[in-house]
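Coordinate inspection notes
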Amino acid sequence: MANPIFVAVDTPDIAAARALVAAVAPHVGGVKLGLEFFCAHGAAGVAAVMDGQGLPQKLPLFLDLKLHDIPNTVAGAVRSLAPLAPAILTVHAAGGHAMLAAARAAAPSATRVVAVTVLTSLDDADLLAAGVPDGAAVQAARLAQVTRGAGLDGIVCSPHEVAAVKAAWPDGLFVVPGVRPAGSDVGDQKRVMTPAAALAAGAGVLVIGRPITGAPDPAAAAAAIAASL
Ligand code: C5P
């Protein structure tokens, strides 16, 4: 099995991002760059980080930009990102069927487009305030159906939701953050699971940030997590 670990490189510093990626590259399956990095450096910064890995073959890129706008605008954004050839690209499922389908149609065929259902930072009270009375689990399952119906490849969900959604969507790609090796610092993540348990529950991609990036030796931390799988 290919290495499912995508290291979350959450920094606005290009040199730091390049050094981190070069260090962990032999031990991870891909690199996730998100809004913090992209808003600072754009596509040129992404290319600079991905080109500095020191590996014979470049790792896959996960662009976590969580796009959410009208279909025409999202499609245009996806086309603008196409030269970066992301392996995985995120949009918000709440954008609705037409927006999701437009994103899929605009993306390169090799790019897996996955939709964020309910942000893990929202609780049931937040959803109620936004007019969603059924709670996060029901809303995530509902948005997973919308996502699948629009032809996307999968969703982003918490490790605690993955088994239920995968049962309803066996060939979906489930991208799972909130992953913590046993005994490591949980930080601001509330619903965590170990990498091996998240994989066993059905995760296809494990998004792991601080347990690697905040370790005294990020390469050793990534190698240890990979060995635990
Ligand atoms: O450092 P940590 O392992 O918590 O990093 C998790 C990564 O996954 C961060 O880049 C965060 O933005 C992202 N993420 C998340 N929860 C989501 C979606 C993405 O933690 N629902």
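See the structure shown above.
In this report, we go over the structure that sits alongside the text. What you are looking at is a predicted structure, and each value in this text was computed from that prediction instead of being measured.

Definitions and limits used
Residues numbered from 1 in each chain as written. Predicted model: local features only at pLDDT ≥ 70, side-chain atom pairs only at ≥ 80, totals over all residues. Heavy atoms only, no water. Near = heavy atom within 4 Å. Polar contact = N/O pair within 3.5 Å; in protein donor to acceptor, adjacent residues only side chain to side chain. Nonpolar A, V, L, I, M, F, W, Y, C, P; charged D, E, K, R; others polar. Buried < 20%, exposed > 50% of the residue type's maximum accessible area, 1.4 Å probe, protein only. Helix = DSSP H or I, 4+ residues; strand = E, 2+ residues; numbered from the N terminus. Pairing = 2+ DSSP bridges. Right-handed = clockwise from strand over helix to strand, strands pointing away.

1. Focus: the site of the ligand
Looking at the ligand, there are 13 residues lining it, with D10, R180, Q189, G209 and R210 nearest. Within the side chain of K32, one N or O atom sits 2.9 Å away from an oxygen atom of the ligand. In this structure, R210 approaches the ligand through a side-chain N or O atom, which is 2.7 Å from an oxygen atom. Here the residues of the shell around the ligand are counted per class, giving 5 nonpolar, 3 polar and 5 charged.

2. Overview of the pairing of strand β7 (residues 173–176)
In β7, alternate side chains face the same way, and those of L173 and V175 on one face and F174 and V176 on the other are all buried. As paired elements, strand β6 (residues 154–156) and β7 share 3 bridges and run parallel to each other. Residue pairing in the sheet places V156 in a bridge with V175 of β7. Following the backbone out of β6, through helix α7 (residues 162–168) and into the adjacent parallel β7, one traces a crossover that is right-handed. At this point the chain moves from β7, through helix α8 (residues 195–201), to the parallel strand β8 (residues 205–208), and the crossover so formed is right-handed.

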